[in-house]
Amino acid sequence: MAARTKIVVTRVQTGVRLENRIVKVLKALAEYKNMGLGDLLEGIVLHSFDGKTPFSAETLRKIRELKKVYDLDLDASASHRMEEKS
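Let us look at the structure shown here. Note that the coordinates shown come from a computational prediction; the quantities given were computed from them, not determined experimentally. (Residues numbered from 1 in each chain as written. Predicted model: local features only at pLDDT ≥ 70, side-chain atom pairs only at ≥ 80, totals over all residues. Heavy atoms only, no water.)

Concerning the nonpolar core
The cut-off we apply is this: Nine residue types can take part in a nonpolar core, namely buried Ala, Val, Leu, Ile, Met, Phe, Trp, Tyr and Cys, and a core is a set of them joined through side-chain atoms within 4.5 Å. Per-residue accessibility, obtained with a 1.4 Å probe over protein chains only, is compared with the maximum for each type, and a residue is labelled buried under 20%, exposed over 50%, and partly exposed between these values. Runs of E in the DSSP output that reach at least two residues are strands. Runs of H or I that reach at least four are helices, and both are numbered from the N terminus.
Residues Val25, Leu26, Ala28, Leu29, Ala30, Leu40, Ile44, Phe55, Ile63, Leu66 and Leu72 constitute the largest nonpolar core, which totals eleven residues. Every element with two or more residues in this core is listed here: helix H1 (20-32), helix H2 (37-49) and helix H3 (57-69).

Here it is as structure tokens:
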């Protein structure tokens, strides 16, 4: 396998607010994949920007499992309907 060329980047801290159960699933998935949450999110975003799915069938199975564990009943149809509690 050919060595991959490293890409030097500058990262910034963000103040992003996310739904609590989504964060729990993301953190658990990052732990499962043995990677940091930021690395996981960067990968998801870069794949999405290219119109590609970021997850294999096995990872999607794990996500379904984690959604059950953390009682996450939201799907893509909820993305523009979520409202924060007062």
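Overview of the pattern of salt bridges
We count it as follows: Every case where a carboxyl oxygen of Asp or Glu lies within 4 Å of a side-chain nitrogen of Lys or Arg is listed as a salt bridge.
On inspection of all chains with the given rule, the structure shows eight salt bridges. Note that Asp73 is salt-bridged to Arg21, the shortest N-O span being 3.0 Å. Here Arg21 lies in helix H1 and Asp73 lies in the segment after H3, a separation of 52 residues in the sequence. In the salt-bridge network here, residues are joined through shared partners; they are Glu58, Arg61, Lys62 and Glu65.

Quick look at the side chain of Lys62
Cut-off, in case you're wondering: In this description, contact between two residues means that some pair of their heavy atoms is separated by no more than 4.5 Å.
Take Lys62: it is sitting in helix H3. What makes Lys62 buried here is its relative accessible area of 15%. Not counting residues within four places of it along the chain, the set of residues in contact with Lys62 comprises Leu29 and Tyr32.

Digging into the side chain of Thr59
Topologically, Thr59 is positioned in helix H3. The exposure class assigned to Thr59 is buried, which follows from its relative accessible area of 4%.

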